[in-house]
Amino acid sequence: AASCLHSKKDAADEVVNQQAFAAGSFIEFSEKKRIHIGKIESVEHKSSGGARYHVIDSEGKKFNIPDKQVSYSMACPNSPGQANKLYDEFCAAQETPVESIQSALDISPDLLEMAWEEAATEGDDNSN
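So, how was this worked out
- Residues numbered from 1 in each chain as written.
- Predicted model: local features only at pLDDT ≥ 70, side-chain atom pairs only at ≥ 80, totals over all residues.
- Heavy atoms only, no water.
- Pairing = 2+ DSSP bridges.
- Helix = DSSP H or I, 4+ residues; strand = E, 2+ residues; numbered from the N terminus.
- Core = buried A, V, L, I, M, F, W, Y, C linked by side-chain atoms within 4.5 Å.
- Buried < 20%, exposed > 50% of the residue type's maximum accessible area, 1.4 Å probe, protein only.
- Contact = heavy atoms within 4.5 Å.

K.L.:
Any chance you could explain the pairing of strand β6 (residues 62-66) here in plain terms?
P.N.:
Consecutive side chains along a regular strand alternate between the two faces of the sheet. Here strand β5 (residues 51-57) pairs with β6 via five bridges, running antiparallel. Following the sheet pairing, V55 is matched in β6 by F63.

K.L.:
What is the right way to look at the nonpolar core in this model?
P.N.:
One recurring pattern in soluble globular proteins is that nonpolar side chains are buried together. If you look at the biggest cluster of nonpolar residues, it comprises ten residues: A20, I27, F29, I40, A51, Y53, V55, F63, I65 and V70. For this core, the elements supplying multiple residues, two or more each, are β3 (26-31), β5 and β6. The leading source of residues in this core is β5, at three residues. Those residues in contact with V70 that sit more than four places away from it in its chain are F21, I27, E28, F29, Y53 and I65. Listed in part, the seven residues of the second largest apolar core include F26, A83, Y87 and F90.

Treat this as a map of the structure, not an account of what it does.
So this is what it looks like as structure tokens:
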């Protein structure tokens, strides 16, 4: 679950609402042009409305990253067993070559694009 941060943006007292990821969330993030998988250990709310996360990656390395470096997040299950299984699967998926995933799903980028275009067209037809 995400918490909502509030801050004052400027002298006009404009309020900025920014979603922060909860401690314990699993995330994909970039650091020095490398992609990592990690768990948020703690969240530091900034006065500017953003957040910084203290993260431990799948190799046990610690990072302190701004929210803009997070590209994907998912909530951690409450059960420790389920949480560990999901995290291990998340890490394995990150390391699996795209070609292997496409083969396992029996889908190609071209087929996915055609299905997406067809779904978008059907959506336009249903709105009339």
